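# Residue-level structural notes
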Amino acid sequence: MPNKTFRRFRLLGGQNSEVNPLIMAEGETELMLNATTDKLGSWQKRLGTRMFGNQSVSGKDILGLHHYSDFAGKTFEPLIVINDSTNTNSDIFRIVKTQLNGAITTATTTITVDGTSLFASSGNIEIEGDLITYTGKTATTLTGVTGITNSHADNSIVRQWKITNADDTQGKKARFANFLDRAIRLNGSNAMKAYNGSTWETTGNPINPNKAATASTYIEVFQSRVFTAGGSSHPDRLYASSLPSTAPATGETTGSITWSTGTQIIDKVGSTGFYIDINPEDGQNITGLERNGNLLLIFKERSLYTWDGNSTQADVLVDIGAISQEAITTINNITFFLGRSKKNLGIYAFTGGYPKLISRKIKRWLDNINQANLVDIVSGADEDHVYFYVGNIIFSNDSIYGTRTFNNVWLVYTLSQDSWSIYDDLHAQAFGYFVSSKAELLVFGDNTGKTFEIGRGQTDDNGEGKTSIDMEIWSGEETFLAPELTKSLQSIEVFSQQAQETEVHFRYDRNPDWQDLGALGARYSYFNAPQRFEPNIGRTLQFQFANNTSFQSQIDGYVLNVESDEEPRVERGTGGRGTRRGNI
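### A short note on the overall build of the protein chain
Counting secondary structure elements, the protein chain contains 1 helix and 46 strands. In terms of its C-alpha atoms, the protein chain occupies a principal-axis envelope of roughly 90 × 65 × 45 Å. The proportion of buried residues among the 584 residues of the protein chain is 56%. Across the protein chain, the fraction of contacts at a sequence separation of at least 24, relative to all contacts at a separation of at least 6, is 61%. Carbon together with sulfur atoms contributes 46% to the accessible area of the protein chain, which is approximately 24,500 Å² in total. Here the protein chain contributes 52 positive and 65 negative side-chain charges, whose respective centroids are spaced 3 Å apart.

Here is the structure:
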């Protein structure tokens, strides 16, 4: 019975839980949990999360995230929306910040800063993800400090969320758009408001929010107009503002728009705005608006329409829709959305024409989304990833995962590699973008009143403690091109980096019980497999790599030494004799 060596150093492709397991491509996995292929050719644990700002209201859902900036780029203010402590109303908070005037340690009880005038008289602050409590303040100090878990250098940024708008309708998701030096807020219940960096305007130039359609839900800026939709009285109606006013002599924009919610005629000049009903006889309502290049995308429940500035479709041409505004996100001029056509949910990419289904490799995960919780799905994107939070995924007697629950799941798509992975144990209520130190940050808000940066550090840090990330990778099922031959693993050599305490397991023929080989140590780890006897033989081999420490485990490849029968075995009672296929 000969031994043969097989090398696996092209760990590309990500997760594929839908292909025939006997023909899975090299480097594809059946489970890529809290891991990525961002390091080309390697499997690597995902990066962690870090708290941004303090805890605004304990135990409440973040209902919206937005980054306000003015035209000159001189004012940058992250905004969040959250219920108050009694769920009576929802409030909008902005970030106030200062800097440390002197380094601090875990023993510090008084923090000296540049100034405290914008901060509450007591409460909590955030410094580099550290959630810190204080009981009093002077003009330049915060006193009675507790909860510092890390040292922080001089000039580190100190942040705190502060109410800037109170008493919106509780529990309503908020959507925003920046236009004419204003952040415009809609929530489907209250009248439109516009933020100028210090106050919220309900009337007057430049936005004239009191003249807009009442209680619209969705908002987007396209071709120098503000578009809104989703009002309960006219759920199929798309409203457009006028173009910004201009000075007659110079043609320069003077910075104000108006609205004409009763004008159906599409005025290309748009002196007072207009509206258009988007196929109101199709039995569906608008679920979101999104700009994609020279098109405004108008999503319904099971269809997609476009507006190019002059016209839209009279009938359904694209029979795929989006489930909600929060399930739509655009990066690199590609609009990604989670929706459906007839029955099954899917994730699609739109670049013009008909959307492309990109989620085939993770179909069983989408099939097991709780249909009652579709409203909770949210999405976001960074330079090379699209994230969909889909809640808990429960498998029952699944052919791959058996009976198992994955909590607070993210479906993660990597654009550059057309690959998928899964994150879990990260509860997201909303995604958004903040600018900090001139860098754009993808952030998400949870259900405890906290907001987090993505891709920071090697643990998930909630401001009060660090949680190790639980990585779990299942390789494809190895047949070595001869699934009919019985095999026995002799040894495995693993090449890795920062992978201390990563456990390596294997199994034959999908046995539910994985066998332990040991833990990785340095760059190179060698493991002998158990001797060849039942049940340590089988026709297929599969490997598992698991790490729940603070190390950012990276698997660069492995070498297998496998002993194989020369011809197929015939199992009693299976029928037939089998045919010789030769050695592997």
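### Description of the environment of Glu126
Relative to the assigned elements, Glu126 resides in strand E10 (residues 123-127). Overall, the relative accessible area of 0% leaves Glu126 in the buried class. In the structure, Glu126 is positioned 33 residues away from Arg159 in sequence and 5.2 Å away in space, judged by C-alpha atoms. Among the polar contacts listed, one links the side chain of Glu126 to the backbone nitrogen of Gly53, at a separation of 2.7 Å.

### Details of the nonpolar core
Membership of the largest hydrophobic core comes to 33 residues, with the highest contact counts inside it found for Phe336, Leu338, Trp365, Val390 and Leu411. Mapped onto this core, the elements with two or more residues apiece are strand E2 (29-33), strand E28 (334-340), strand E29 (345-350), helix H1 (363-367), strand E32 (385-398), strand E33 (402-414) and strand E34 (419-423). The element contributing the most residues to this core is E32, with 5 residues. Setting aside anything within four residues of it in sequence, one finds Leu338 in contact with Gly321, Ala322, Ile323, Ala327, Leu345, Gly346, Ile347, Leu366, Ile377, Phe388 and Val390. In this structure, Val494, Leu517, Phe545 and Leu560 belong to the second largest nonpolar core, which totals 26 residues.

### Considering the sheet that holds strand E25 (residues 304-307)
Read across the open sheet, the 3 strands follow the order E23-E24-E25; overall the sheet is antiparallel. Since the sheet does not close on itself, it has two edges, and those belong to strand E23 (286-292) and E25, each with one partner. Between one strand axis and the next, the sheet turns through 25° on average, direction left out of account.

### What about the layout of surface pockets?
Sizing a probe to match a water molecule and rolling it over the atoms shows the empty space that remains. Approximately 490 Å³ is the volume found for the second largest pocket. Elements with a contribution of two residues or more to the lining of the second largest pocket: strand E6 (62-69) and E23. Its residues assigned to classes, the lining of the second largest pocket comprises 7 nonpolar, 12 polar and 7 charged.

### Some details on the side chain of Arg340
Along the chain, Arg340 turns up in strand E28. Of the side chains with opposite charge, Asp367 comes closest to the buried, unpaired Arg340, at an N-O distance of 8.4 Å. A polar contact is formed between the side chain of Arg340 and the backbone oxygen of Lys343, at a distance of 2.5 Å. In terms of polar contacts, Arg340 uses its side chain to reach the side chain of Gln371, at 2.9 Å. Setting aside residues up to four positions removed in sequence, Arg340 forms contacts with Glu301, Arg302, Asp319, Ile320, Gly321, Leu345, Gln371 and Leu374.

### So, the environment of Phe76
Tracing the backbone through its elements, the reader meets Phe76 in strand E7 (residues 76-83). Residues Phe76 and Pro206 lie 130 residues apart in sequence; the distance between their C-alpha atoms is 19 Å. Among residues more than four places away in sequence, those in contact with Phe76 are His67, Tyr68, Ser69 and Val435.

### Observations regarding the environment of Leu485
Mapped onto the elements of the fold, Leu485 is located in the loop between strand E40 (471-475) and strand E41 (487-497). In this structure Leu485 comes out as buried when scored by relative accessible area, which is 0%. Along the chain, Leu485 and Glu566 lie 81 residues apart, while their C-alpha atoms are 7.2 Å from each other.

### Things to note about the side chain of Arg159
Along the chain, Arg159 turns up in strand E14 (residues 157-169). Judged by relative accessible area, Arg159 falls into the buried class, the value being 7%. Of the polar contacts made by the side chain of Arg159, one reaches the side chain of Ser436; its length is 3.0 Å. Discounting chain neighbours no more than four positions away, the residues touching Arg159 are Phe52, Gly53, Asn54, Ile95, Val96, Lys97, Phe119, Ile125, Glu126 and Ser436.

### Focus: the packing of aromatic side chains
This model, assessed by the stated rule, comprises 36 aromatic pairs. Look at Phe395 and Phe406: their rings are 6.0 Å apart centre to centre, the planes differ by 90°, and that puts the pair in the edge-to-face class. Linking Phe395 in strand E32 with Phe406 in strand E33, this pair joins segments that are 11 residues apart in sequence. An identical accessibility class is assigned to Phe395 and Phe406; each is buried. Taken together through their ring pairs, the aromatic side chains of Trp365, Phe395, Tyr401, Phe406, Trp474 and Trp514 make up a single cluster.

### Concerning empty space enclosed by the protein
What the rule picks out here adds up to 1 cavity of 30 Å³ or more. Its boundaries defined by the atoms lining it, the largest cavity holds a volume of some 40 Å³. For the largest cavity, the full set of lining residues is Gly14, Met32, Ala35, Thr36, Thr37, Thr414, Ser419, Trp420 and Ser421. Sorting the residues of the lining of the largest cavity by element identifies strand E3 (35-36) and E34 as the ones contributing at least two each.

### Observations regarding the pairing of E23
A regular strand places its side chains on the two faces of the sheet in alternate fashion. Most of E23 sits inside the fold, with 6 of its 7 residues counted as buried. When E23 meets strand E24 (residues 295-300), the two strands line up antiparallel, connected through 6 bridges. From the neighbouring strand, Leu289 faces E24, where its bridge partner is Ile298. Hairpin connection, E23 to E24: the antiparallel pair is bridged by 2 residues, and Gly293 has positive phi, about 60°.

About the thresholds
- Residues numbered from 1 in each chain as written.
- Predicted model: local features only at pLDDT ≥ 70, side-chain atom pairs only at ≥ 80, totals over all residues.
- Heavy atoms only, no water.
- Helix = DSSP H or I, 4+ residues; strand = E, 2+ residues; numbered from the N terminus.
- Buried < 20%, exposed > 50% of the residue type's maximum accessible area, 1.4 Å probe, protein only.
- Contact = heavy atoms within 4.5 Å.
- Areas by Shrake-Rupley, 256 points an atom, 1.4 Å probe, with all protein chains shown as cover.
- Lys, Arg positive; Asp, Glu negative; His and termini not counted.
- Charge placed at Lys NZ, Arg CZ, Asp CG, Glu CD.
- Polar contact = N/O pair within 3.5 Å; in protein donor to acceptor, adjacent residues only side chain to side chain.
- Core = buried A, V, L, I, M, F, W, Y, C linked by side-chain atoms within 4.5 Å.
- Pairing = 2+ DSSP bridges.
- Axes fitted to C-alpha atoms, helices over the stretch in contact; angles between N-to-C directions.
- 1 Å grid on protein atoms, 1.4 Å probe; cavity = no way out; pocket = protein on both sides within 12 Å on 5 of 7 lines; lining within 4 Å.
- Points joined across faces, edges and corners; volume = space filled by probe spheres on them.
- Nonpolar A, V, L, I, M, F, W, Y, C, P; charged D, E, K, R; others polar.
- Salt bridge = Lys/Arg side-chain N within 4 Å of Asp/Glu carboxyl O.
- Phe/Tyr/Trp six-rings, centres within 6.5 Å; stacked < 30°, edge-to-face > 60°.

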